Amino acid sequence: MGELQGGKPILEAWNNKKEEEEEEAQAQLEIWKYIFGYVELAVIKCAIELGIADAIESHGSPMTLSEISSTLGSDPSLLNRILRFLINRKIFKVDKNSDSTTTYANTPLSRRFLKKGQQSMAAFLLLESSPVMLAPWHSLSARVSANGGINFPFEKAHGEDVWAYAAENPGHSNLINEAMACSAKLVVPAIVEGCGDEVFEGVQTLVDVGGGTGTALRALVKACPWIRGINFDLAHVIAVAPKIEGVENVAGDMFLGVPKADAAFLMWVLHDWGDEECIQILKKCKEAIPKENGKVIIVEAVIEEGAIKQGNLKDVGLMLDMVMMAHTSFGKERTLEEWEYVIKMAGFTSYTVKNIDAVQSVLLAYP
Ligand SMILES: C[S@@+](CC[C@H](N)C(=O)[O-])C[C@H]1O[C@@H](n2cnc3c(N)ncnc32)[C@H](O)[C@@H]1O
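According to UniProt, the comment filed for the protein under the heading Sequence similarities (unreviewed entry) is "Belongs to the class I-like SAM-binding methyltransferase superfamily. Cation-independent O-methyltransferase family."

As structure tokens, then:
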């Protein structure tokens with residue numbers, strides 16, 4: 001212990017000052033990340049639209065700048081700056097070759113921005129960065145404010161809720177369907193691998209409520225060929241759903257009724273809605289399944305309380321919660337307690353929860 005200075009040991013005061021200075025320096029750096037946070041989204045959107053990853057992938061080997069720019073028909077010096085930005089974020093790789101040429105290659109991350117393919121998440125990024133989905137964010141504070149009544153950000157921006165807007169705007173509906181398909185392609189194998197035996201054994205018929213254009217059921221009936229799938233969604237979505245072997249497309253409104261099946265599957269549907277609506281949807285699902293051995297399979301994020309490491313899958317749940325606030329009326333991501341509340345209020349007697357290798361977990365609700 002050092003000498004006392006104003007009643008405080010000198011060493012402690014010195015350490016506190018040092019810590020404060022470090023925090024100040026860190027804040028000075030981090031503030032730029034928030035001020036220019038949109039730049040990464042915007043530049044990746046640009047890279048997807050240009051098709052940089054697609055060009056390199058179809059070339060089959062790393063490409064020079066002039067090869068990429070002539071393939072894409074883009075300005076080489078501007079493209080060079082885009083690539084420099086993305087390489088600095090390790091989204092593309094750069095190699096200096098022995099003949100002193102510089103070539104650019106894909107990485108596992110840039111392959112997520114291919115327009116097509118099992119790992120592609122490009123459509124999801126294009127949805128979230130679309131003007132339609134960005135506009136509501138400007139009204140987030142109005143939504144949270146206790147003054148002036150309820151302001152739903154999406155409705156404020158577009159005059160109606162996201163599903164009514166999608167029904168009237170086929171281009172936007174297509175963006176939503178494609179984005180959801182990207183995620184479904186990845187989540188279904190994680191469900192099958194993580195708890196497929198327990199979830200799908202003995203299930204002959206499965207209704208995917210709010211199943212979009214059927215991507216989840218396509219993967220599910222392939223992995224579990226004994227299942228006959230019913231893809232259930234709003235009429236404007238079912239109108240563009242492709243024919244899939246082993247899957248019947250049915251149009252309807254889940255608030256009015258759900259087609260009968262051994263089990264109902266709800267992936268990323270309940271988080272779009274408030275508790276009262278979730279209870280209504282779950283009750284309709286309960287009516288659709290057998291009392292004795294039916295189940296409702298809920299695939300949703302389960303929010304953890306307490307500090308969550310950024311970049312962790314659980315942190316994605318917190319981001320999604322903000323997305324729900326901006327894009328839906330009363331939708332939210334839920335903690336396990338909040339899930340238990342809606343499941344019990346809908347009349348289910350028990351439930352289980354399983355973690356899988358995805359943003360979502362699998363909750364099984366039993367009548
Ligand atoms: C977030 S998407 C999830 C799609 C799909 N389950 C997935 O995870 O890929 C929500 C889906 O719910 C559908 N939906 C919204 N309101 C509905 C309603 N009243 N009845 C049936 N489906 C509805 C939407 O059209 C959309 O396809």
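**Q** Provide a residue-level description of the pairing of strand 4 (residues 92-96), including the pertinent values.
**A** By the bridge criterion, 5 bridges tie strand 4 to strand 5 (residues 102-106) in an arrangement that is antiparallel. Across the sheet, Asp-95 pairs through a bridge with Thr-103, a residue of strand 5. Taking the residues that link successive antiparallel strands as the turn, the strand 4-strand 5 hairpin has 5 residues, and the phi of Ser-100 there is positive, at about 65 degrees.

**Q** Which residues make up the packing of aromatic side chains, and what values go with them?
**A** Taken as a whole and assessed by the stated rule, the structure comprises 6 aromatic pairs. Where Phe-154 meets Tyr-165, the ring centres are 5.7 Å apart and the plane angle is 80 degrees; that geometry is what we call edge-to-face. One end of the pair, Phe-154, is in helix 10 (residues 153-158); the other, Tyr-165, is in helix 11 (residues 162-168), with 11 residues separating them in the sequence. Taken individually, Phe-154 and Tyr-165 each receive the classification buried, so the pair is uniform in this respect. Grouped by ring-pair contacts, the aromatic residues Trp-32, Phe-36 and Tyr-38 constitute a single cluster. Residue placement shows Arg-89 over the ring face of Phe-85; its charged tip is 4.0 Å from the ring centre. Its guanidinium or amino end placed over the ring of Trp-339, Arg-334 lies 5.2 Å from that ring's centre, counting from NZ or CZ.

**Q** Please set out the site of the ligand residue by residue, giving values where relevant.
**A** By nearness alone, 16 residues border the ligand, and Gly-210, Asp-233, Asp-253, Met-254 and Met-267 come closest of all. Take Gly-210: an N or O atom from its main chain is 2.8 Å from a nitrogen atom of the ligand. Met-254 places a main-chain nitrogen or oxygen 2.9 Å from a nitrogen atom of the ligand. Relative to its unbound accessible surface of 590 Å², the ligand loses 96% to contact with the protein. A class-by-class count of the residues in the shell around the ligand yields 10 nonpolar, 3 polar and 3 charged.

**Q** How would you summarise the nonpolar core if you had to cite specific residues and measurements?
**A** Proteins that are soluble and globular tend to have nonpolar side chains buried together. Ranked by internal contacts, the top residues of the largest apolar core, which has 43 residues, are Ile-191, Phe-200, Leu-206, Phe-265 and Ile-297. With 10 residues, helix 12 (residues 170-200) is the single largest residue contributor to this core. Beyond its immediate stretch of four places on either side in the chain, Phe-265 contacts Ile-191, Phe-200, Leu-206, Val-207, Asp-208, Val-209, Ala-216, Leu-220, Ile-297 and Val-299. Judged by nonpolar contacts, the second largest core, of 30 residues, contains Val-207, Ile-289, Trp-339 and Leu-363.

**Q** Can you tell me about the packing of helix 3 (residues 52-59) against helix 4 (residues 65-72), naming the residues and giving the values?
**A** Contact pair helix 3 / helix 4: the axes reach a minimum separation of 10 Å and the direction vectors enclose 110 degrees. Taken as axis vectors, helix 3 and helix 4 run roughly perpendicular relative to one another. Where helix 3 crosses over helix 4, the handedness of that crossing is right-handed. Contact residues: helix 3 offers Ile-52, Ala-55, Ile-56 and His-59, while helix 4 offers Glu-67, Ile-68, Thr-71 and Leu-72. Per-class residue counts for the contact of helix 3 with helix 4 are 5 nonpolar, 2 polar and 1 charged.

**Q** Describe the domain arrangement of the protein, listing the residues and the values that go with them.
**A** Domain boundaries assigned for the protein yield domain 1 (4-35), domain 2 (38-111) and domain 3 (180-366). When each unit is reduced to the centre of its C-alpha atoms, the spacing between domain 1 and domain 2 is 41 Å.

**Q** So what about the sheet that holds strand 6 (residues 205-209)? Which residues, and what values?
**A** Across the sheet, 7 strands lie side by side as 8-7-6-9-10-14-13; this open sheet has mixed pairing. On the outer flanks of this sheet lie strand 8 (247-251) and strand 13 (350-355), each paired with one strand and no other. Across this sheet, the average inter-strand angle for adjacent strands is 20 degrees, counted without regard to direction. One ladder, built from 5 bridges, connects strand 7 (residues 228-233) with strand 8; its direction is parallel. Residue pairing in the sheet places Asn-231 in a bridge with Asn-249 of strand 8.

**Q** Give a detailed account of helix 4, specifying residues and quantitative values.
**A** Residues of helix 4 that are buried: Leu-65, Ile-68 and Ser-69. Buried residues along helix 4 cover an arc of 95 degrees about the axis, so they all sit on one side. In helix 4, the exposed positions that point more than 90 degrees away from the buried face belong to Ser-66 and Ser-70. Residues of helix 4 that are buried sit in contact with helix 3, strand 3 (63-64), helix 5 (76-88) and strand 5. Among the residues trailing helix 4, Gly-73 stands out with phi positive, at a value near 65 degrees.

What counts, and at which threshold
- Residues numbered from 1 in each chain as written.
- Predicted model: local features only at pLDDT ≥ 70, side-chain atom pairs only at ≥ 80, totals over all residues.
- Heavy atoms only, no water.
- UniProt positions renumbered as here; feature names shortened; annotations may be inferred.
- Pairing = 2+ DSSP bridges.
- Helix = DSSP H or I, 4+ residues; strand = E, 2+ residues; numbered from the N terminus.
- Phe/Tyr/Trp six-rings, centres within 6.5 Å; stacked < 30°, edge-to-face > 60°.
- Buried < 20%, exposed > 50% of the residue type's maximum accessible area, 1.4 Å probe, protein only.
- Lys NZ or Arg CZ within 6 Å of the ring centre and 35° of its normal.
- Near = heavy atom within 4 Å.
- Polar contact = N/O pair within 3.5 Å; in protein donor to acceptor, adjacent residues only side chain to side chain.
- Areas by Shrake-Rupley, 256 points an atom, 1.4 Å probe, with all protein chains shown as cover.
- Nonpolar A, V, L, I, M, F, W, Y, C, P; charged D, E, K, R; others polar.
- Core = buried A, V, L, I, M, F, W, Y, C linked by side-chain atoms within 4.5 Å.
- Contact = heavy atoms within 4.5 Å.
- Axes fitted to C-alpha atoms, helices over the stretch in contact; angles between N-to-C directions.
- Parallel < 35°, antiparallel > 145°, perpendicular 65-115°, else oblique.
- Left-handed = near helix turned anticlockwise from the far one by under 90°.
- Domains from an automatic or database assignment.
- Arc of directions from axis to C-beta.

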